[in-house]
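# Examining the three-dimensional arrangement
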Amino acid sequence: MFSVNVISFPEHEYESIKKYLDELGYCYTTRVYMEVDKYKVGELYKAPWGDVLKIDEVKKYWKVSDRPFYDEMTDDEKDLIRKYSENIGLPYEWIKFSKQTV
């Protein structure tokens, strides 16, 4: 077997992420602060539940309102991203990933 880095998610998101991966074949995540520039397109990462995920796309944004699917986010999600990016002058990343079969 090969070694891959780990990608973390809040535990309460595990089931919804797995559902998107099973139904659509891909999912999205937002990364702020120390996690910006950490994940690279084409690289593989192990999810906490054991799946291997491939980073398909990484886009950097400075304003939360520019994020794809902005209207589908809760106010709490928007506020949290703003707290660690826009409000302190830092960018955040919107990352598309898919389940990799190895």
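Because the structure is predicted, anything quoted here is derived from the model rather than measured.

Inspection of every chain in the model, using the stated rule, returns 10 aromatic pairs. Its end group placed over the ring of tyrosine 26, lysine 96 keeps NZ or CZ at 4.5 Å from the ring centre.

So, about the sheet that holds strand 2 (residues 26-31). Read from one edge to the other, the open sheet built from five strands follows the order 1-3-4-5-2, with strand pairing classed as mixed. Across the chains shown, the open sheet's two edge strands, defined by having one partner strand only, are strand 1 (5-6) and strand 2. Relative to strand 4 (residues 52-61), strand 3 (residues 44-46) runs antiparallel, the two sharing three bridges. When the sheet's bridge partners are listed, leucine 44 is paired in strand 4 with lysine 54. Against the sheet, helix 1 (residues 14-24) makes contact with strand 2, strand 4 and strand 5 (92-100), and its axis sits at roughly 140° relative to strand 2, the strand it touches most.

Bringing the pairing of strand 5 into the picture now. In this structure, strand 2 lies alongside strand 5, joined through six bridges in antiparallel fashion. Pairing of tyrosine 26 across the sheet is with serine 98, part of strand 5. Pairing between strand 4 and strand 5: nine bridges, direction antiparallel. Across the sheet, the residue bridging to lysine 59 is tryptophan 94, located in strand 5.

Enumeration over the complete set of coordinates arrives at nine salt bridges. In this structure, a network of salt bridges that share partners links the residues Asp22, Asp51 and Lys99.

What follows concerns the nonpolar core. Counting residues in hydrophobic clusters, the biggest one holds 14 residues, and the most contacted among them are Phe9 and Phe97. At three residues, helix 1 tops the list of elements feeding residues into this core. Excluding anything up to four places from it in sequence, phenylalanine 9 contacts Tyr14, Ile17, Thr29, Arg31, Pro48, Trp49, Leu53 and Phe97. If you look at the next biggest cluster of nonpolar residues, it comprises six residues, including Tyr61, Met73, Ile81 and Tyr92.

Rules used throughout
Residues numbered from 1 in each chain as written. Predicted model: local features only at pLDDT ≥ 70, side-chain atom pairs only at ≥ 80, totals over all residues. Heavy atoms only, no water. Phe/Tyr/Trp six-rings, centres within 6.5 Å; stacked < 30°, edge-to-face > 60°. Lys NZ or Arg CZ within 6 Å of the ring centre and 35° of its normal. Pairing = 2+ DSSP bridges. Helix = DSSP H or I, 4+ residues; strand = E, 2+ residues; numbered from the N terminus. Contact = heavy atoms within 4.5 Å. Axes fitted to C-alpha atoms, helices over the stretch in contact; angles between N-to-C directions. Salt bridge = Lys/Arg side-chain N within 4 Å of Asp/Glu carboxyl O. Core = buried A, V, L, I, M, F, W, Y, C linked by side-chain atoms within 4.5 Å. Buried < 20%, exposed > 50% of the residue type's maximum accessible area, 1.4 Å probe, protein only.

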